[in-house]
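Tertiary structure, described
Listed below, chain by chain, are the residues.
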Number of protein chains: 2
Amino acid sequence: MRPRYSLILSAMRLIRPSNRRLSSIASSDSEFISYMKNKAKSINKALDNSIPLCNNFVPLWEPVLEVHKAMRYTLLPGGKRVRPMLCLVACELVGGQESTAMPAACAVEMIHAASLILDDLPCMDDDSLRRGKPTNHKVFGEKTSILASNALRSLAVKQTLASTSLGVTSERVLRAVQEMARAVGTEGLVAGQAADLAGERMSFKNEDDELRYLELMHVHKTAVLVEAAAVVGAIMGGGSDEEIERLKSYARCVGLMFQVMDDVLDETKSSEELGKTAGKDLITGKLTYPKVMGVDNAREYAKRLNREAQEHLQGFDSDKVVPLLSLADYIVKRQN
Amino acid sequence: MRPRYSLILSAMRLIRPSNRRLSSIASSDSEFISYMKNKAKSINKALDNSIPLCNNFVPLWEPVLEVHKAMRYTLLPGGKRVRPMLCLVACELVGGQESTAMPAACAVEMIHAASLILDDLPCMDDDSLRRGKPTNHKVFGEKTSILASNALRSLAVKQTLASTSLGVTSERVLRAVQEMARAVGTEGLVAGQAADLAGERMSFKNEDDELRYLELMHVHKTAVLVEAAAVVGAIMGGGSDEEIERLKSYARCVGLMFQVMDDVLDETKSSEELGKTAGKDLITGKLTYPKVMGVDNAREYAKRLNREAQEHLQGFDSDKVVPLLSLADYIVKRQN
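All values reported here derive from a predicted model rather than from experimental measurement.

So, on to the nonpolar core. Soluble, globular proteins show a tendency: their nonpolar side chains are buried together. Of all hydrophobic cores here, the largest spans 229 residues; its most connected members are Leu247 and Tyr250 of chain A together with Leu247 and Tyr250 of chain B. Looking at this core, the element that brings in the most residues is helix α10 (residues 207–236) of chain A, giving 18 residues. Once you skip the residues sitting within four places of it in the chain, Tyr250 of chain B turns out to touch Leu86, Ala309, His312, Leu313, Leu324, Leu327 and Ala328 of chain B.

In structure tokens, the structure reads:
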């Protein structure tokens, strides 16, 4: 894998304010929140079914039961389900059924949960609070947490493979698994986490260098999995290569925007408001957007990414595209 | 997943001394060792190529480079390559080419290396010596070790998927990925590792209960991945369901036998002879075969598993089956 410095810098230069506010056709905030809640409900149900605590009324073998409990602890109650929702909507946008992409949507959320468990470990970010409750290793211990994280990633592969039972062709399923494997390895999450850890001890020649590193880190740490969510959904739904590419570009902007806003909220909100330890990036000396460019510029950058995201959706069915336009708007406006 | 107590106990009862020493047709020890070295050479070359340190003469991005170094540290020099060899031989036995199964064989070894890295972590077995050198986390630190382990598992999936470029059908590749996902999740390695960790604090009613737990633990911790190696090889080579099943049964015996001998060697050999910390299971109170049934009975059990393994190979081409007969013999006789 080669650093894509030049690509990213050009992309950043290209992100210009646009007069076309495509989001004007997006539904109202409350309509979108209700839409999102409905999607989250179906997703939560599918996730709940995917990790049982017993098998035909017989309890699981005790060591496995403990790992399943740890997997459910982080996977089930939490989150806005942005990634799986994006996967389902991408599938529907290219003409597929929600149900066709549901196993893959669950898989993406499992991969995300697995990476949260690892991020919080004592040897990583050493965090004790996540979504308003103690982190996984605080409840189950480090050993079980690491196993649960591994098990979630392996279940993600199994879930995606199970899509063949819904009539998806082997070729499409293989392509989807490939996208996911790419997103979790050294072309994706692993690179992002490694860069995050290395970033604390790096020194940069100037602000441009620092920004380049930060961007590359978040492309890998956050955007690649958001991209994979959209791409896998579109693959499952039978999208064309061009549709898949456009959804991927949209998702990259959304993923980066999500991270920019995460950094902004970490600096401007309290732990209670966020449900996780706030202000930690500042204390630990981690690179963040507000630190490199200031809070106001970071907010402005998120807005520019939102406009670019919306531009990538031009040409799709204007009704079906509404949830994606609203999702981008929602992320840039979010308060926790 | 349900515990397969009854199945395992019946299997153990069925393992009876047999007069048919199929291994008499196996080649001599020195011939087999030379055969194994040749296979290991091809495997090592393929593994070396799979994790580069630069891309078209351009060094990798620094954080990724560090992870790749950690992956190579555990994956490259080490081991007897029993699992990938089994994968290649299974492929050839059912009529396939060695090269067809090479990506999958590398994948199995990557999964194995990933689990070794985790096993050695301070929060797991806290080991500082493996194959005669410091463990991964002693060299690269816990954070990078965990990322390297994750990256190896994701690369394993990518390797297997790459088999389509060798003309293997999507259906076969899907089936192979499924077997691997099963082997690493709560139906395989994770269950075994969880049982291993839980075993230390468990109390058993009697020796039968203890043995049942020990067996179930090693079926998951060791045998399932050895099974997957053989099964995936046979799938890639286009084996029939019956051939795949027989190779799976053979591999289960070999996997268990490998573990029984590992426990015996841990108790009877020095750290220098083994290249890893010896006698540790005894100190940490881990369940082992010698502890539950005594060293002599454990050796006897390994011999019985060897006979059963060889019986499962009846019906295959008597020339092509020689390496598998010899492999089983080699494991039961190994000294480190």
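That shown, we press on.
Residue and element names in this part refer to chain A. Per the stated rule, a full pass over the model turns up 12 aromatic pairs over all chains. Aromatic rings pair up to connect Phe32, Tyr35 and Tyr330 into one cluster. One residue, Arg246, lies across the ring of Phe316, its end atom 4.5 Å from the ring centre.

Residue and element names in this part refer to chain A. Mean pLDDT over chain A: 88, with 88% of residues reaching 70 or higher. Mean pLDDT across the elements of chain A bottoms out in helix α1 (residues 5–14) (41) and peaks in helix α6 (residues 136–140) (98). Across residues 1–26, where pLDDT falls below 50, the model places 50 contacts with residues more than four positions away in sequence or in other chains.

In this section: the pattern of salt bridges. Taken as a whole and judged by the stated rule, the model has 30 salt bridges over all chains. The salt bridge partner of Arg182 of chain B is Glu227 of chain B, with a shortest N-O separation of 3.7 Å. Here Arg182 of chain B is found in helix α8 (residues 170–184), whereas its partner Glu227 of chain B is found in helix α10 (residues 207–236), with 45 residues between them in sequence. Across this residue pair, the class does not change: Arg182 of chain B and Glu227 of chain B are buried. Through salt bridges with shared partners, a single network forms among Glu179, Arg182, Glu227 and Arg252 of chain A.

Let's shift gears to the environment of Ser249 of chain A. Tracing the backbone through its elements, the reader meets Ser249 of chain A in helix α11 (residues 241–268). The spacing of Ser249 of chain A and Val231 of chain A is 18 residues in sequence and 9.7 Å in space, taken between C-alpha atoms.

The next thing to look at is the interface of chain A and chain B. The partner chain B presents 54 residues to the 54 residues of chain A that form the contact. When chain A packs against chain B, close to 4,800 Å² is buried across both sides, 71% of that on carbon and sulfur atoms. Viewed at the interface, chain B and chain A are joined by 2 salt bridges. A salt bridge links Lys158 of chain B to Glu187 of chain A, with the nearest nitrogen and oxygen atoms 2.7 Å apart. Between the two partners, chain A and chain B, sit 12 residue pairs in polar contact (both at pLDDT 80 or more).

For the pair chain A and chain B, the superposition axis carries a translation of 0.0 Å, the fit reaches an RMSD of 0.0 Å, and the rotation angle comes to 180 degrees. Such a combination of rotation and displacement between the chain copies is what one expects of a two-fold axis. By C-alpha distance to the rotation axis, the residue of chain A lying nearest is Ser170 of chain A, at 2.9 Å. Counting the interface residues of chain A, we find that 100% of their copies in chain B are interface residues as well, pointing to one common contact surface.

The next subject is helix α8 (residues 170–184) of chain A. Taking 1.5 Å of rise per residue, 15 residues should cover 21 Å, and α8 of chain A covers 21 Å from first to last C-alpha, within 8% of that figure. Burial within α8 of chain A is extensive, with 11 of its 15 residues counted as buried.

The next subject is the side chain of Arg72 of chain A. Residue and element names in this part refer to chain A. Topologically, Arg72 is positioned in helix α3 (residues 62–75). Polar side-chain contacts of Arg72 include one of 2.6 Å to the backbone oxygen of Ile51. What Arg72 contacts, discounting residues up to four positions off in sequence, is Asp48, Ile51, Leu53 and Pro77.

Taking 1.5 Å of rise per residue, 23 residues should cover 33 Å, and helix α5 (residues 98–120) of chain A covers 32 Å from first to last C-alpha, within 8% of that figure. Of all 23 residues making up α5 of chain A, 21 are buried, and the element is well covered by its neighbours.

Residue and element names in this part refer to chain A. Looking at where Leu324 falls in the secondary structure, it is placed in helix α16 (residues 322–333). Between the alpha carbons of Leu324 and Phe32 there is a distance of 9.9 Å; along the sequence they are 292 residues apart. Ignoring anything within four residues of it in the chain, the contact list for Leu324 reads Leu86, Val89, Leu93, Leu247, Tyr250 and Leu313.

Our next topic: unusual backbone geometry. Of note, Asp126 of chain A is a non-glycine position whose phi angle comes to about 50 degrees, a positive value. Looking at where Asp126 of chain A falls in the secondary structure, it is placed in the loop between α5 and β3 (129–130). For Asp126 of chain A, a relative accessible area of 45% gives the class partly exposed. Although it is not a glycine, Arg131 of chain B sits at a positive phi angle of roughly 50 degrees. Topologically, Arg131 of chain B is positioned in the loop between β3 (129–130) and β4 (133–134). You can call Arg131 of chain B partly exposed: its relative accessible area is 32%.

Here is what the cut-offs are and how they apply
- Residues numbered from 1 in each chain as written.
- Chains lettered and ligands numbered in written order.
- Predicted model: local features only at pLDDT ≥ 70, side-chain atom pairs only at ≥ 80, totals over all residues.
- Heavy atoms only, no water.
- Core = buried A, V, L, I, M, F, W, Y, C linked by side-chain atoms within 4.5 Å.
- Buried < 20%, exposed > 50% of the residue type's maximum accessible area, 1.4 Å probe, protein only.
- Helix = DSSP H or I, 4+ residues; strand = E, 2+ residues; numbered from the N terminus.
- Contact = heavy atoms within 4.5 Å.
- Phe/Tyr/Trp six-rings, centres within 6.5 Å; stacked < 30°, edge-to-face > 60°.
- Lys NZ or Arg CZ within 6 Å of the ring centre and 35° of its normal.
- pLDDT = per-residue confidence, 0-100.
- Salt bridge = Lys/Arg side-chain N within 4 Å of Asp/Glu carboxyl O.
- Buried area = accessible area lost by both parts, 1.4 Å probe.
- Polar contact = N/O pair within 3.5 Å; in protein donor to acceptor, adjacent residues only side chain to side chain.
- Least-squares fit on C-alpha atoms with pLDDT ≥ 70 in both.
- Expected span 1.5 Å × (residues − 1).

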